[in-house]
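# Architecture at a glance
Each chain, written out:
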Protein chains: 2
Amino acid sequence: MGGSFALALRRAGFDGRIVGVSSPPAIEEALRHNVIDAPAALSDAAAEADLIYLAQPIARIIETIPKLAPHLKPGALVTDAGSTKRAICAAAAAHLPAGQFLGGHPMAGKEVRGAGAADAALFEGRPYVLTPAPGQPMNEELLGWVRRIGARPVVATPEEHDRLVAASSHLPQLLSTALAALLAGRPDDIAQVAGPGLLDMTRLALSDYGIWRDILATNRAEILAVLDAAITQLGETRAALASSSLEEDFARGAGFAAALRRRE
Amino acid sequence: MGGSFALALRRAGFDGRIVGVSSPPAIEEALRHNVIDAPAALSDAAAEADLIYLAQPIARIIETIPKLAPHLKPGALVTDAGSTKRAICAAAAAHLPAGQFLGGHPMAGKEVRGAGAADAALFEGRPYVLTPAPGQPMNEELLGWVRRIGARPVVATPEEHDRLVAASSHLPQLLSTALAALLAGRPDDIAQVAGPGLLDMTRLALSDYGIWRDILATNRAEILAVLDAAITQLGETRAALASSSLEEDFARGAGFAAALRRRE
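A short tour of the structure in this document, coming up. Computed from a predicted model, the values in this text were never measured in an experiment.

## Concerning unusual backbone geometry
- At Asn34(A), a residue that is not glycine, the phi angle is positive and equals roughly 55°.
- Structurally, Asn34(A) can be placed in the loop between helix 2 (24-32) and strand 2 (38-39).

Shown next as structure tokens:
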């Protein structure tokens, strides 16, 4: 994500210096693919940068924020690309000067990580959520770059963001994982009759738990709420099936699914 | 489906006569697209045909079977393309001479119906389930044509078929519909942050209830059983989430999803 943001900034006309802070192999890859201009230590990068972009797993972002604090230039902005926002924004509020952090969540991603897979077009047409704290003015410069890299900015509080993604992303993930885990446990050979619908419904189940551990841990209350709603909904589906009246569910579901696609 | 089967037979080298039984507009479309050689009344087609292919909604297939009985040539075979098999095979067992019916379910389909959308390549690489009654010998001629049109034959009893598709097709449909119906009822604007995962998980929800009514009605017991298993699984997901131990579910789900894709 960090590499794609760097390439997207360049393509959008950013002509400043881009330094990378990462492990030696990741830095080597980023230099080889011309994704960064130079490597730097965290403290040096923090002291030098106008914009610091934290593209790490959520737990690492939360660990990094206090390390930035002593080095940060006045007027510099820290942002991030973490998939949940409440825990990260709370860490920033605790450790960084007011107004110097603005949480972000680009709704884009690739299955392959690393600078070799970085893609300047990754954000095009995708939502990019920015989550100012209540009362915090929007950072117009970051908002401008989000627009220039082709993303669709969405502004929400960290709480609103986490509630939205619990429903739009975390619940679908858990439904896909639960379906695949359930079918994995059956003695019969489902795969021999699998069609494209089952492939669609199990694609998210391919996800790596390493990414999801932090997401689930930092959005547990919202996810439990939406999971409970889903279990209730399936109980209603069960009752409706027993009495042959699923037509309304199909109509509501089809209407929602069609509306999603008109937004694309 | 009937039109695609006719075109696929032709492409695979079938040089006999293909007549169509349908409504006047459907017949007109089938003739215009050279999908059939001629129209016929049901009784005439039944008296003349070596193979009768019932490509109708499930309830219509069940209505048609007894109408065929008085006209059927000795040695002729009736097959069908219905999405559930127990109810259809039971109707055939009640009304047709033993050995003259062999249930079928090609796991292929298009969103658009009618002869204008017929596709000779529709069955290529897709499973095609054939469901002989217990003790019924396989009809080698139909099996041969299923292979020649490029499908992957799968032999199962009607009961095994319905249990398999309850898990591989009907449950995924109901999960997608339940997810989309649940999200449709939320006051917040999910669509503004929807990513490709949510689009995958709601594609099946676009399905028309008109198709699903008969499927749900003729496979209710199996669907209720697998829906109960899914509700139990989600309850376990909920409990695991509360205690942070979802890693095993993710691993099992990812393993199943990856195995499905190796079969493709």
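## Structural notes on the relation of the copies chain A and chain B
- After a rotation of 180° and a shift along the axis of 0.0 Å, chain A superposes on chain B with an RMSD of 0.1 Å. What the rotation and shift describe, once combined, is the action of a two-fold rotation axis.
- The residues that chain A uses at the interface reappear at the interface of chain B in 100% of cases, marking a shared surface.

## Quick look at the interface of chain A and chain B
- On the chain B side, the residues contacting the 81 residues of chain A number 81 residues.
- When chain A packs against chain B, close to 8,000 Å² is buried across both sides, 71% of that on carbon and sulfur atoms.
- Counting across the interface, chain A meets chain B through 6 salt bridges.
- The shortest N-O distance in the salt bridge between Arg203(B) and Asp200(A) comes to 2.4 Å.
- Our enumeration of links across chain A and chain B arrives at 14 residue pairs in polar contact (both at pLDDT 80 or more).
- Broken down by secondary-structure element, the contributors of at least two residues to the side of chain A that touches chain B are strand 6 (127-131), strand 7 (152-155), helix 7 (158-184), helix 8 (196-202), helix 9 (209-218), helix 10 (220-242) and helix 11 (247-263) of chain A.
- Split by residue class, the side of chain A that touches chain B holds 48 nonpolar, 15 polar and 18 charged.

## A word on the sheet that holds strand 3 (residues 51-54) of chain A
Residues and elements named next belong to chain A.
- Taken together, 5 strands build an open sheet; the order of strands is 3-4-5-6-7 and the sheet is mixed. This sheet does not close on itself; its edge strands, each paired only once, are strand 3 and strand 7. For this sheet, the mean inter-axis angle between neighbouring strands, taken without regard to orientation, is 25°.
- Looking at chain direction, strand 3 and strand 4 (residues 77-80) are connected through 4 bridges and run parallel. Bridge assignment links leucine 51 to a residue of strand 4, and that residue is leucine 77.
- In the packing of helix 6 (residues 140-148) onto the sheet, the strands contacted are strand 3, strand 4, strand 5 (101-106), strand 6 and strand 7, and the crossing angle to strand 6 comes to about 170°.

## Quick notes on helix 6 of chain A
Residues and elements named next belong to chain A.
- Within helix 6 the residues assigned to the buried category are Leu142, Leu143, Gly144, Trp145 and Val146.
- On its buried face, helix 6 is in contact with helix 1 (2-11), strand 3, strand 4, strand 5, strand 6 and strand 7.
- Glycine 150 sits one or two positions beyond helix 6 and adopts a positive phi of about 95°.

## With respect to the sheet that holds strand 6 (residues 127-131) of chain B
Residue and element names in this part refer to chain B.
- Read from one edge to the other, the open sheet built from 5 strands follows the order 3-4-5-6-7, with strand pairing classed as mixed. Of all strands in the sheet, those with a lone pairing partner are strand 3 (51-54) and strand 7 (152-155), marking the two edges. Neighbour-to-neighbour, the strand axes of this sheet turn through a mean angle of 25°, independent of strand direction.
- Direction of pairing for strand 6 relative to strand 7: parallel, over a ladder of 4 bridges. Paired with proline 127 across the strands is arginine 152, a residue of strand 7.
- Along the sheet, helix 4 (residues 58-68) makes contact with strand 3, strand 4 (77-80) and strand 5 (101-106), crossing strand 3 at roughly 155°.

## A closer look at the side chain of Asp80(A)
Residues and elements named next belong to chain A.
- Within the secondary structure layout, aspartate 80 lies in strand 4.
- The class for aspartate 80 is buried, based on a relative accessible area of 0%.
- A distance of 2.8 Å separates the side chain of aspartate 80 from the side chain of lysine 85, its partner in a polar contact.
- Those residues in contact with aspartate 80, other than ones at most four positions away along the chain, are Leu54, Ile61, Lys85, Ile88, Phe101, Leu102, Gly103, Gly104, His105 and Tyr128.

Reading the values: the criteria
Residues numbered from 1 in each chain as written. Chains lettered and ligands numbered in written order. Predicted model: local features only at pLDDT ≥ 70, side-chain atom pairs only at ≥ 80, totals over all residues. Heavy atoms only, no water. Helix = DSSP H or I, 4+ residues; strand = E, 2+ residues; numbered from the N terminus. Least-squares fit on C-alpha atoms with pLDDT ≥ 70 in both. Contact = heavy atoms within 4.5 Å. Buried area = accessible area lost by both parts, 1.4 Å probe. Salt bridge = Lys/Arg side-chain N within 4 Å of Asp/Glu carboxyl O. Polar contact = N/O pair within 3.5 Å; in protein donor to acceptor, adjacent residues only side chain to side chain. Nonpolar A, V, L, I, M, F, W, Y, C, P; charged D, E, K, R; others polar. Pairing = 2+ DSSP bridges. Axes fitted to C-alpha atoms, helices over the stretch in contact; angles between N-to-C directions. Buried < 20%, exposed > 50% of the residue type's maximum accessible area, 1.4 Å probe, protein only.

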